[in-house]
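# Examining the three-dimensional arrangement
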Amino acid sequence: MTSAALDRGAHLRRALRLEVFTVGWNVLEAIVAITAGFLAGSVALVGFGLDSVIESISGVALYHRLRSEVVAGNEDSNEARERRALYFVGLSFFLIAAYVLYEAATGLLQRERPSHSAIGIGLAVVSLVVMPVLGWGKLRVARQLDSRALA
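Since the model is a prediction, treat every value here as computed from it, not as a measurement.

Rules used in this analysis
- Residues numbered from 1 in each chain as written.
- Predicted model: local features only at pLDDT ≥ 70, side-chain atom pairs only at ≥ 80, totals over all residues.
- Heavy atoms only, no water.
- Helix = DSSP H or I, 4+ residues; strand = E, 2+ residues; numbered from the N terminus.
- Buried < 20%, exposed > 50% of the residue type's maximum accessible area, 1.4 Å probe, protein only.
- Contact = heavy atoms within 4.5 Å.
- Areas by Shrake-Rupley, 256 points an atom, 1.4 Å probe, with all protein chains shown as cover.
- Lys, Arg positive; Asp, Glu negative; His and termini not counted.
- Charge placed at Lys NZ, Arg CZ, Asp CG, Glu CD.
- Expected span 1.5 Å × (residues − 1).
- Bend = angle between axes of the 7 residues up to and from the residue.

Glancing now at the overall build of the protein. What the protein contains, in helices and strands, is four helices and zero strands. In the protein, the order of α-helices and β-strands from amino to carboxyl end is α-α-α-α. Principal-axis analysis of the C-alpha atoms places the extent of the protein at approximately 60 × 25 × 20 Å. When each of the 151 residues of the protein is scored for burial, the buried share is 37%. Considering only intrachain contacts with a sequence separation of at least 6, the fraction spanning at least 24 residues in the protein is 74%. As displayed, the protein offers around 9,400 Å² of accessible surface, 69% of which is attributable to carbon and sulfur atoms. The distance from the centre of the 15 positive side-chain charges to the centre of the 13 negative ones in the protein is 3 Å.

Now for helix 4 (residues 118-145). For helix 4, which comprises 28 residues, the first-to-last C-alpha distance of 40 Å matches the rise-based estimate of 40 Å (1.5 Å per residue) to within 8%. Remark: the principal bend of helix 4, roughly 30 degrees, maps to Ser127. Taken residue by residue, helix 4 has Gly120, Leu123, Ser127, Val130, Leu134, Gly137, Lys138, Val141, Ala142 and Leu145 as its buried positions.

Honestly, that's just the spatial picture; any functional story needs more than this.
Put into structure tokens, the structure is as follows:
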């Protein structure tokens, strides 16, 4: 095995660890946000949780793409897997945008007053720390792997 192949394998393993953390974080974030949103009657917080569900689905698709490369070890089909993962990631962003647009329009038209939740505020603060660090790590590995889907 060449040095480049060993390096790629190490980068793939790091990317997989980052995706496992991403999915785990998003699942936890979804549970907390949706529960707190229902308890507080906050549509925005429930929406934040549903966004985390969609991000989890995207993360699972990306994990599958990276894992299939590790298992198969065949770079010939990487481009097809990358396109498929990029499609799912892109689709998830469109779903998030559609949901946010729907919720914003509904809230505006119904003149809903915003509600708040201490748990929701705490979750947002922690997410403001965790997500940029996670994103930076994924971007670094994405550049090393030349993965648009991971980026």
